[in-house]
Amino acid sequence: MRFLLRRVAFYALTAWAAITINFFIPRMLPGDPVTALLGRMQGRIDSRAEHSLRVLFGLDQDTSLWQQYVDYWGLLLRGDLGLSFTHFPTPVADIVSQSLPWTVGLVGVATVIAFVIGSLIGTFLGWRRGTWADGLLPVATFFQAVPYFWLGLITIAVFSVNLGWFPSSGSYDRGMVPAFTGEFIGSVIYYGFLPALTVVLSSVAGWVLGMRNMMVTVSSEDYVTVAHAKGLPERQVMFGYAARNAVLPQVSSFALSLGFVVGGTLIMEMVFSYQGIGYTLYQAVSTHDYPLMQGCFLVITLSVLVANMVADLAYALLDPRTRTEDR
Amino acid sequence: MNNRLMFLRNGKVITGLVILGFFTLLALLGPWIAPYDPNQVSDALLSPPSAAHWLGTDHTGRDILSQLVVGTRGVLVVGLVAGVSATVVGVLVGVTAGFVGGVGDESLSALSNMFLVIPQLPLIILIAAQLPSAGGLTVALVIGATGWAWGARVLRAQTLSLRKRDFVEAARANGERTWRLVLVEVMPNLTAVIASGFVGTVTFAVLSQVTLSFIGITPVSEWNWGTILFWAQNNLALQRGAWWWFVPAGACIALLGMALTLVNFGIDEIVNPRLRSTGLHARSLRRRGIRPRVGFTPVVREARS
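Residues numbered from 1 in each chain as written. Chains lettered and ligands numbered in written order. Predicted model: local features only at pLDDT ≥ 70, side-chain atom pairs only at ≥ 80, totals over all residues. Heavy atoms only, no water.

When helices and strands are counted, chain B shows 14 helices and 0 strands. In sequence order, chain B lays out its α and β elements as α-α-α-α-α-α-α-α-α-α-α-α-α-α. The buried share of chain B, reckoned over its 305 residues, is 50%. Sequence separation of 24 or more characterises 68% of the internal contacts of chain B that already satisfy a separation of 6 or more. Taken as a whole, chain B presents about 14300 Å² of accessible surface, with 63% of it coming from carbon and sulfur. (Helix = DSSP H or I, 4+ residues; strand = E, 2+ residues; numbered from the N terminus. Buried < 20%, exposed > 50% of the residue type's maximum accessible area, 1.4 Å probe, protein only. Contact = heavy atoms within 4.5 Å. Areas by Shrake-Rupley, 256 points an atom, 1.4 Å probe, with all protein chains shown as cover.)

Let us now look at the overall build of chain A. Per the secondary structure count, chain A includes 13 helices and 0 strands. Secondary structure elements in chain A, listed N-terminal to C-terminal, are α-α-α-α-α-α-α-α-α-α-α-α-α. Residues counted as buried form 51% of the 327 residues belonging to chain A. Within chain A, residue pairs in contact and separated by at least 24 positions form 74% of the contacts whose partners lie at least 6 positions apart. Accessible surface, chain A: about 14900 Å² in total, of which carbon and sulfur atoms supply 66%.

Applying the stated criterion across every chain yields a total of 13 aromatic pairs over all chains. Between the aromatic rings of F159 of chain A and W165 of chain A, the centroid separation amounts to 5.9 Å while the plane-to-plane angle is 40°, which identifies the pairing as tilted. According to the relative accessible area criterion, F159 of chain A is partly exposed, its value standing at 24%. Residue classification places W165 of chain A among the exposed positions, given a relative accessible area of 51%. In textbook terms, an aromatic cluster arises when at least three aromatic residues are bridged by ring pairs, as seen for F23, F24 and Y69 of chain A. Residue placement shows R62 of chain B over the ring face of W231 of chain B; its charged tip is 5.1 Å from the ring centre. (Phe/Tyr/Trp six-rings, centres within 6.5 Å; stacked < 30°, edge-to-face > 60°. Lys NZ or Arg CZ within 6 Å of the ring centre and 35° of its normal.)

This brings us to a nonpolar patch on the surface. All names here are of chain B. A surface patch of nonpolar side chains, about 580 Å² in accessible area, is lined by L25, L28, L29, W32 and I33. With respect to the helices and strands, the residue I33 is situated in helix α2 (residues 11–33). Owing to a relative accessible area of 48%, I33 belongs among the partly exposed residues under this scheme. (Patch = residues over 30% accessible without salt bridge, like charges linked within 9 Å, V, L, I, M, F, W, Y side chains within 5 Å. Salt bridge = Lys/Arg side-chain N within 4 Å of Asp/Glu carboxyl O.)

Between chain B and chain A, the contact holds 57 residues from the first and 67 residues from the second. The contact between chain B and chain A buries some 5400 Å² in all, and 73% of this surface belongs to carbon and sulfur atoms. Our enumeration of links across chain B and chain A arrives at 1 salt bridge. Summed over the shared surface of chain B and chain A, the result is 1 residue pair in polar contact (both at pLDDT 80 or more). Within the residue set of the side of chain B that touches chain A, elements represented by two or more residues are α4 (102–117), α5 (120–130), α7 (149–163), α10 (191–214), α11 (225–234), α12 (243–271), α13 (273–277) and α14 (282–287) of chain B. Among the residues making up the side of chain B that touches chain A, the classes are represented as 36 nonpolar, 14 polar and 7 charged. (Buried area = accessible area lost by both parts, 1.4 Å probe. Polar contact = N/O pair within 3.5 Å; in protein donor to acceptor, adjacent residues only side chain to side chain. Nonpolar A, V, L, I, M, F, W, Y, C, P; charged D, E, K, R; others polar.)

Residue and element names in this part refer to chain A. Once the domains are mapped, chain A shows domain 1 (2–77) and domain 2 (92–319). Domain 1 puts 17 residues into the contact, and the matching count from domain 2 is 14 residues. Carbon and sulfur atoms make up 78% of the area that domain 1 and domain 2 hide from each other, which totals about 1400 Å². Those elements that provide at least two residues to the side of domain 1 that touches domain 2 are α1 (2–28), α2 (33–41) and α3 (47–57). In terms of residues, the side of domain 1 that touches domain 2 owes the most to one element, α1, which gives 11 residues. (Domains from an automatic or database assignment.)

For the rest of this paragraph, the subject is the packing of helix α5 (residues 92–127) of chain A against helix α12 (residues 290–318) of chain A. Residues and elements named next belong to chain A. Where α5 contacts α12, the two axes come as close as 10 Å, and the packing angle between them is 45°. Taken as axis vectors, α5 and α12 run oblique relative to one another. When you trace α5 past α12, the crossing you get is right-handed. From α5, V92, I95, V96 and L100 reach across to α12, where they touch P291, L292, G295, C296, V299 and S303. Considered class by class, the residues forming the contact of α5 with α12 number 8 nonpolar, 2 polar and no charged. (Axes fitted to C-alpha atoms, helices over the stretch in contact; angles between N-to-C directions. Parallel < 35°, antiparallel > 145°, perpendicular 65-115°, else oblique. Left-handed = near helix turned anticlockwise from the far one by under 90°.)

Moving on, we get to unusual backbone geometry. Of note, S273 of chain A is a non-glycine position whose phi angle comes to about 45°, a positive value. Mapped onto the elements, S273 of chain A comes out in the loop between α10 (234–272) and α11 (277–286).

In this section: the packing of α5 of chain A against helix α8 (residues 182–218) of chain A. Residue and element names in this part refer to chain A. At a minimum axis separation of 5 Å, α5 and α8 run at an interaxial angle of 35°. In the crossing of α5 with α8, the sense of the turn from one axis to the other is right-handed. Considered class by class, the residues forming the contact of α5 with α8 number 22 nonpolar, 7 polar and 1 charged.

This next bit is on the pattern of salt bridges. Considering all chains together, one arrives at 4 salt bridges over all chains under this definition. R6 of chain A is the salt-bridge partner of E106 of chain B, the closest N and O atoms lying 3.7 Å from each other. Of the two residues, E106 of chain B is situated in helix α4 and R6 of chain A in helix α1; the pairing between them involves two chains. On the basis of relative accessible area, E106 of chain B is assigned to the partly exposed category, the value being 40%. Since its relative accessible area comes to 28%, R6 of chain A is described here as partly exposed. E169 of chain B is the partner of R172 of chain B in a salt bridge, and the nearest nitrogen-oxygen pair spans 3.8 Å. Of this pair, R172 of chain B and E169 of chain B both sit in helix α8 (residues 166–173), 3 residues apart, which is roughly one turn of that helix. Given the relative accessible area of 36%, R172 of chain B is considered partly exposed. Judged by relative accessible area, which is 31%, E169 of chain B ranks as partly exposed.

Next comes the structure, spelled out in structure tokens:
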């Protein structure tokens, strides 16, 4: 219980830090692009929306920093992230909430697939270390070193431009109306296949290498030797004794790698013009839409924190040691 | 001493270092050995690789090999600056946290854990996109400022275990000052961990910078491998089938990243002998007819004649 409380407190603190960073970045950096944009929007923007933008970007010079901070929190708690400049006058919160499910779906499915496949391959490689299986390590290293977006470019070139099997951009057939029909879901899977494949390909190597190294370490533990000595079948020793223990650090490193995978997926969305939050962030960056940029960062960070917390809780359930130890 | 020799005998490390050396040479000599000026426009528009242009040309007839060669410097400088700055911060935070313990440790660890969980790439994009000009060095410093947490975490754990060792206790009992304890007793034992953290950060920095250039946040006139991919993506290189435009730059990034990872493997094998024991001698074991078994570390001793 103490463990859980500590973790929850930590995530609350991190969320607070992320929001505070988000508050300070536009205030600390030189240049005042928002003022210029507000000047251009003069008259077209209603006074309340203008006020929230001023609060979000610290343009109210006459109020104290503390008052600005309090106002900022007030806006966030009401779910007001300001107005987007490019998609004027749509609120940032609306744009973000439309694109978030796409990213969550893509990252979620791809990460689960990569985790399962990677851990299985890693188990096998670690168990057969010192044999030909070690020859697969350089391949894994290569995939780990390739930037996500480049792998995306290559898959587009091969599967979409040359073979024409899959579409190169978009997230569903534009001729369809989004609905919970088999046809529409099929289209989403068809369009999502290439982005998901690239995310899996580039993140699977990390799981393979992590699992392999843990297997090598775990398999010289006494309980594995005992299991061998008992004459248990090799499969049972491998999965029931070694892999079962080796997978625990994988679960805990899940939390740490998630931010990285999400970052990569965002780039992948930019390459595939997949309508998730990464593509939104890309559009925001290329059109200098600062409110949208800030909103995207905030939502991405908070989602990663929530996912991390879930992974932590799962870890606490899986490994009883975390519940008794102090940390 | 033995360990250092081992480091250089390891095939992975040698491969990694050779590739790194090659790219360093390119970075140093790039502008002089590039066959063309990377910005020089010519009549050969989007031509495939030929004798005149080894890696072909882009949509305005600029030589891609030259862009690649000249761009190497930008990539390596950013990697190096980001790696060094992140390592310095990581060492300061990690070693301090591990050494002082107590409340200082708690707060420093919480700080580095926070930086670990906040997704770095969006944060870097957010900062870089709001800077008036995000040149190579600025990006490197931003990457360094956000990427130190992993190293700090590993270093803290290692320092924590070193702090209680007998030789440190002995030195403390001898009345050595704290700074001397840290610098002379603890730090030398952290060399491998620091080195591996540094290499890891350089890899991450290279990937981040190339990504930032690819999405067009850094100035597109500053050549690096990501800029080439930026131009390729924005001029539909994929749809036009101009593979020579985007394949070489990506391959270079992958090659550099792989070289860094290989070096890191070598360092890992020094730190964790279990990873080393059989992996290094797989072939010689097979030749001797020894089948590696899980749970047992084969030790082969030559019979003295």
